[in-house]
Amino acid sequence: MLSQASAAHTPAELPSWPEPGLTRIPYWLFQDARVYAAEQRRLFQGPQWSFLCLAAELPNVGDYCTTAVGDASVVVTRDADGELYAFENRCAHRGALIALEARGNAKDFSCVYHAWTYDRQGNLIGVAFKDGIKGKGGMPASFCMADHGPRKLRVAELCGLVFGSFSDTVPPLEEYLGEAIVPRIERVLAGRKPVVLGRYTQALPNNWKLYMENVKDSYHASILHLFFTTFELNRLSQRGGIIVDPSGGHHVSFSAIDAQAEKDAEYAKQNIRSESGYRLADPSLLQGFKEFADDITLQILSVFPTFVLQQIQNAIAVRQIVPRGIERTDLNWTLIGFADDTPEQRLARLKQANLVGPAGYVSMEDGCVGGFVQRGIAGAGEERAVVEMGGSGADSSESRVTEASVRGFWKAYRAGMGL
Amino acid sequence: MGEEIASLIGQVQAAYARAIDNGDLAAWPDFFEEQCTYKITTADNHSQGLEAGVVFANSRAMLLDRITSLREANVYERHTYRHLLGQPWIQSQEAGRVRSETSFLVVRIMRDGTTDIYATGRYLDLYSLQGAKPKLVERIVVCDSSRFDTLLALPL
């Protein structure tokens, strides 16, 4: 334990990156307890923004939810001033959880252990028996409540997405996201009133970074996911592309249906498991409605380190990735509709929700493929992944036959970790 | 009459579980009416009135598509289920329809032999008694937990 804790402070104790560049990824990154500990401090509690919740989940004064930033449990609240606040879900006294429920409404928060009480902004406002009983016991006179409290997070909101950061030095959220990413979030969410349609958690048997690589990997999408390919939701030949922001950490992969395009012969040539002639008995599953001004039918957007905004036709969702150990990751899905959906539009969203999640026609495979890698590399910590499709850069591209956004992830990761 | 119904529903549910657990997935849609609802959701979503879950189908054809997709399209590690069903509680019976609730426990057996409790919960069912056998007009599978390990491929 001691070596893990100190590793978080001392870069020299981590193994060093094996060779320059972003095309070889050492497998010890997914296996090493020191790496995991360092990630908690340098990334999740470092100068990054992590997704906390949707503002729409906390509409009223006193509403709160508990969420996670890496290992840290975090409480998000709406106070009487209408603003959102976030603080560590850790009593300043002896460290117990302050809030136990996933969500609720509260005037204040009282730790069950010794009833230390916090206001909605995380300020300590009460200590049970602080002055003792009948002049005996109690805290020393020097004890000042203002000096004690759980760590507070900075909170920022964009289009109803609430992000938090433990860092005082992280740039403002919009600057952090940059001009390539912000309009792509606005495209899906700006000026709309989201409503939560459902939630679930997919427990992944792999390191969190293997899921983020998968999200950013446009190369695999039409190969592993036959459902997409056959129904022409996501052919590599469709009009589309990849946007990688200058930091590398955020990306957008998008595609637009081109009804005039000829069926692509490339797949047949490659003998890839994708030409099956598979047809739906009930094609209403994919009969969506025109929701956006452009023709983009798929937009997967990720924010470093652990957030995804998804638009697959009319299936809109946010995904929060929470590391739960070196080889365990929680993928928290929140499916979204909008307040002005007609009943027909809502039904279309429910049907298209079949595309995603643990039973998703197109995302089922993503649940297991990270585990295949985790198990595949178990005895090969010194070996390396090859991430060279599309070259060695981490730049935006009109082709999606590239691993540029995967390299972008590693670019931001190396910068954030000092590796 | 009540006991007869319970026994009838119990039998058809045993056949349903048997079909899935023994790998006869092609038979699974036949337990449903052509116009039907099948949904897998969580107790949290259900109690909060949230409509979306993990699986949603509003026709038997969509259930057929599930099975075809599992066979032809989706990639997942081979595994089987073992369903243990509680006794059906008959909630109401009128006009040839029966509402019932049945608890389930599903164990998942992976190809390497790993055997885990995969899901527990209850079936909220509406059966039609019009045909030779009771058929499902609606089955809401309410899982007790909101966590699904790795993926959910086979139906519950």
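The structure reproduced in this document is the subject of the present report. Fair warning: this is a prediction, and the values are worked out from it, not measured in the lab.

**Overview of the environment of Val318 of chain A**
All names here are of chain A.
- One can find Val318 in strand S17 (residues 315-323).
- For the pair Val318 and Phe307, spaced 11 residues apart in the sequence, the C-alpha separation amounts to 7.4 Å.
- Excluding residues that lie within four positions of it along the chain, Val318 makes contacts with Phe51, Leu54, Leu161, Phe307, Val308, Leu309, Asn332, Trp333, Thr334 and Ile336.

**With respect to the nonpolar core**
- In terms of nonpolar packing, the biggest core is built from 142 residues, with Trp410 and Tyr413 of chain A together with Tyr38 and Leu156 of chain B touching the most fellow members.
- Once residues within four sequence positions are removed from consideration, Leu156 of chain B is found in contact with Tyr16, Ile20, Tyr38, Ile40, Tyr81, His83, Val106, Tyr118, Ala119, Tyr123, Val141 and Cys143 of chain B.

**Considering the side chain of Arg66 of chain B**
- Position of Arg66 of chain B relative to the elements: it lies in helix H3 (residues 60-72).
- Asp65 of chain B provides the closest opposite charge to the buried, unpaired Arg66 of chain B, separated from it by 8.9 Å.
- Here Ala359 of chain A takes part through its backbone oxygen, which lies 2.7 Å from a polar atom of the side chain of Arg66 of chain B.
- Those residues in contact with Arg66 of chain B that lie beyond four places of it in its chain are Asn354, Ala359, Tyr361 and Met364 of chain A together with Trp28 and Val55 of chain B.

**Observations regarding unusual backbone geometry**
Residue and element names in this part refer to chain A.
- The omega torsion of the bond from Phe304 to Pro305 falls at 5°, within 30 degrees of zero and hence cis.
- The topology assignment puts Pro305 in the loop between strand S15 (296-303) and strand S16 (307-312).
- Despite not being glycine, Phe129 has its phi angle at roughly 55°, a positive value.
- Relative accessible area serves as the criterion here: at 61%, Phe129 is assigned to the exposed category.
- If you check the backbone angles, Gln313 has positive phi at about 50° while not being a glycine.
- Of note, Gln313 is situated in the loop between S16 and S17.

**Here we look at the packing of aromatic side chains**
- Using the criterion set out here, one finds 24 aromatic pairs over all chains in the structure.
- Residues Trp17 of chain A and Trp410 of chain A carry aromatic rings whose centres are separated by 6.1 Å and whose planes lie at 50° to one another, so their mutual orientation is tilted. Taken together, the residues Trp17 of chain A in the loop between helix H1 (2-7) and strand S1 (24-26) and Trp410 of chain A in helix H11 (residues 404-417) connect sequence positions 393 residues apart.
- Measuring from centroid to centroid gives 5.0 Å for Tyr64 of chain A and Phe109 of chain A, while their planes differ by 85°, and the two rings are edge-to-face. In this pair, Tyr64 of chain A is assigned in strand S3 (residues 63-69) and Phe109 of chain A in strand S7 (residues 109-110), connecting sequence segments 45 residues apart.
- Classification of Tyr64 of chain A as buried rests on a relative accessible area of 9%.
- In this structure an aromatic cluster arises from ring pairing among Trp17, Phe30, Phe44, Trp208, Phe304, Phe409, Trp410 and Tyr413 of chain A.
- Over the ring of Phe292 of chain A we find Arg187 of chain A; its NZ or CZ atom is 4.5 Å from the centre of that ring.
- Geometry around Tyr123 of chain B places Arg139 of chain B over its ring, the cationic atom sitting 3.6 Å from the centre.

**Examining the sheet that holds strand S8 (residues 117-118) of chain A**
- Ordered in space as S7-S8-S9 (chain A), the 3 strands form an open sheet in which the pairing is antiparallel. At either end of the open sheet lies a strand with only one pairing partner, and these are S7 and strand S9 (124-126) of chain A.

**Topic: the interface of chain A and chain B**
- Tallying the contact residues gives 39 residues for chain A and 34 residues for chain B.
- Carbon and sulfur atoms make up 54% of the area that chain A and chain B hide from each other, which totals about 3200 Å².
- There are 3 salt bridges connecting chain A and chain B.
- A salt bridge links Arg147 of chain B to Asp330 of chain A, with the shortest nitrogen-to-oxygen separation between them at 2.7 Å.
- Counting the contacts that link chain A with chain B gives 23 residue pairs in polar contact (both at pLDDT 80 or more).
- Of all the elements in the fold, those that place two or more residues in the side of chain A that touches chain B are strand S12 (194-204), helix H7 (226-230), strand S18 (329-338), helix H9 (343-352) and helix H10 (364-376) of chain A.
- With 9 residues, the single largest contributor to the side of chain A that touches chain B is S12 of chain A.
- When its residues are assigned to classes, the side of chain A that touches chain B shows 22 nonpolar, 6 polar and 11 charged.

**Thoughts on the sheet that holds strand S2 (residues 50-54) of chain A**
All names here are of chain A.
- Across the sheet, which stays open at both edges, the 7 strands sit in the order S2-S11-S10-S5-S4-S3-S6 with antiparallel pairing between neighbours. Either end of the sheet is taken by a strand with one partner, and the two such strands are S2 and strand S6 (103-105). On average, each strand axis in the sheet is tilted by 30° relative to the strand beside it, whichever way the strands run.

**Digging into the state of the cysteines**
- Within the structure shown, the criterion is met by 0 disulfides over all chains.
- With no disulfide of its own, Cys144 of chain A has Cys91 of chain A as its nearest cysteine by sulfur position, at a separation of 16 Å.
- A disulfide-free cysteine, Cys368 of chain A has its sulfur positioned 19 Å from the sulfur of Cys143 of chain B, the nearest such atom.
- Its relative accessible area of 5% is what places Cys368 of chain A among the buried residues.

**Re the packing of helix H5 (residues 208-216) of chain A against H10 of chain A**
Residues and elements named next belong to chain A.
- Where H5 meets H10, the closest approach of the two axes is 9 Å, and the angle between their N-to-C directions is 125°. Classified by the angle between their axes, H5 and H10 sit oblique to one another. Here H5 and H10 pass one another in a crossing that is right-handed. Contacts from Leu210, Tyr211 and Asn214 of H5 reach H10 at Asp366, Val369, Gly370, Val373 and Gln374.
- Of the residues in the contact of H5 with H10, the class split is 4 nonpolar, 3 polar and 1 charged.

**Some points on a nonpolar patch on the surface**
All names here are of chain A.
- There is a patch of nonpolar side chains on the surface, built from Leu97, Leu100, Val112 and Tyr113 and spanning about 440 Å² of accessible area.
- With respect to the helices, strands and loops of the structure, Leu100 is situated in the loop between strand S5 (84-88) and S6.
- Note on Leu100: relative accessible area 58%, which makes it exposed.

What counts and what doesn't
Residues numbered from 1 in each chain as written. Chains lettered and ligands numbered in written order. Predicted model: local features only at pLDDT ≥ 70, side-chain atom pairs only at ≥ 80, totals over all residues. Heavy atoms only, no water. Helix = DSSP H or I, 4+ residues; strand = E, 2+ residues; numbered from the N terminus. Contact = heavy atoms within 4.5 Å. Core = buried A, V, L, I, M, F, W, Y, C linked by side-chain atoms within 4.5 Å. Buried < 20%, exposed > 50% of the residue type's maximum accessible area, 1.4 Å probe, protein only. Lys, Arg positive; Asp, Glu negative; His and termini not counted. Salt bridge = Lys/Arg side-chain N within 4 Å of Asp/Glu carboxyl O. Polar contact = N/O pair within 3.5 Å; in protein donor to acceptor, adjacent residues only side chain to side chain. Phe/Tyr/Trp six-rings, centres within 6.5 Å; stacked < 30°, edge-to-face > 60°. Lys NZ or Arg CZ within 6 Å of the ring centre and 35° of its normal. Pairing = 2+ DSSP bridges. Buried area = accessible area lost by both parts, 1.4 Å probe. Nonpolar A, V, L, I, M, F, W, Y, C, P; charged D, E, K, R; others polar. Axes fitted to C-alpha atoms, helices over the stretch in contact; angles between N-to-C directions. Disulfide = S-S within 2.5 Å. Parallel < 35°, antiparallel > 145°, perpendicular 65-115°, else oblique. Left-handed = near helix turned anticlockwise from the far one by under 90°. Patch = residues over 30% accessible without salt bridge, like charges linked within 9 Å, V, L, I, M, F, W, Y side chains within 5 Å. Areas by Shrake-Rupley, 256 points an atom, 1.4 Å probe, with all protein chains shown as cover.

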